[in-house]
Amino acid sequence: MSEQEISLEELSQWLLLYADYISQREGVLTELDAAIGDADHGINMCRGTEQVRRVLTGPSGPTDIATFLRTIAFTLINSIGGAAGPLYGSFFLHAANVAKQITANEALPPVSATELNQPVIGGTVTTSPAASGLQSATIEQIVAMFVGGLKGVKQRGKASMGEKTMIDALEPAILAMQDATENQMDIGTIFLSAEQAAHAGMERTVELVATKGRASYLGERSRGHQDPGATSTYFLFEAAAKIWGK
Ligand code: ADP
Ligand code: MG
């Protein structure tokens, strides 16, 4: 089963590649945000991912998966700003909480699709350090972390599918991962299916009317434009498919 494992090193490569994508596409994100927001999503995301790059390439990077995810969370929360900062931060913070639970050998929370709309239990990071942190995780554990992350974003933003936000790319991607994992697919297929689902979700935002965030001020006039946050979320899964897909 070792090839069905994801290492801390790979997670780090994933977010470094994401930082590359964001810096290359800062203009695209800013342009999208100029149409339905305030033209800062590219700048915001770039600030966040450059800070992530600094942390991950610095002398004392995180040494286990829970700490890694929590470090990414606080780095993003402290650097992105805008609406997206706390939302991306919530994803990694709640994923870290699940990693922490797994590390402590607690029972895994159920990950059924119907659960996604329920409130997150234990919304803060506990301070008790694990005896020894996870250096790698099974794909099932990674999916559980991402499901936790999705719940965190939904709870934080009080948004659900169809409101023209990052959720429209994030939720389909994570549901696709969950589905492919339950069907015993290999890691490559799992991440490719997540990328496809995120891409389709991102494209669907064009036709949606925004009911959350700054774009909602435009009402009907937000229709016809792709959501910037759904786009930066797609890039996250595009990077994952590049690292783990085949
Ligand atoms: P701001 O809107 O404060 O300028 P950004 O431009 O960085 O922040 O981010 C905008 C993106 O944040 C939107 O495109 C949308 O995807 C996402 N977003 C905004 N509000 C919410 C929310 N309540 N839930 C989920 N995502 C949201
Ligand atoms: Mg903005």
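Description of the structure in this document. In this text the structure is predicted, and so the values were computed from the model without any measurement.

The next thing to look at is the environment of Ser132. Tracing the chain through its elements places Ser132 in the loop between helix H5 (84–103) and strand S2 (136–138). For Ser132, a relative accessible area of 54% gives the class exposed. For the pair Ser132 and Asp64, spaced 68 residues apart in sequence, the C-alpha to C-alpha distance is 8.1 Å.

The next thing to look at is the pattern of salt bridges. As enumerated under the stated definition, the model contains 7 salt bridges in all. The salt bridge partner of Arg53 is Asp20, with a shortest N-O separation of 3.0 Å. On the criterion of sequence distance, the pair formed by Arg53 in helix H3 (residues 41–57) and Asp20 in helix H1 (residues 8–24) is long-range, its members being 33 residues apart. The class for Arg53 is partly exposed, based on a relative accessible area of 22%. A salt bridge links Arg53 to Glu50, with the shortest nitrogen-to-oxygen separation between them at 3.0 Å. Within this pair, Arg53 and its partner Glu50 are both found in helix H3, separated by 3 residues, close to a single helical turn. By sharing partners, the salt bridges in this structure join Asp20, Glu50 and Arg53 into a single network.

The rules behind the values
Residues numbered from 1 in each chain as written. Chains lettered and ligands numbered in written order. Predicted model: local features only at pLDDT ≥ 70, side-chain atom pairs only at ≥ 80, totals over all residues. Heavy atoms only, no water. Helix = DSSP H or I, 4+ residues; strand = E, 2+ residues; numbered from the N terminus. Buried < 20%, exposed > 50% of the residue type's maximum accessible area, 1.4 Å probe, protein only. Salt bridge = Lys/Arg side-chain N within 4 Å of Asp/Glu carboxyl O.

By themselves, these figures tell us nothing about what the structure is for.
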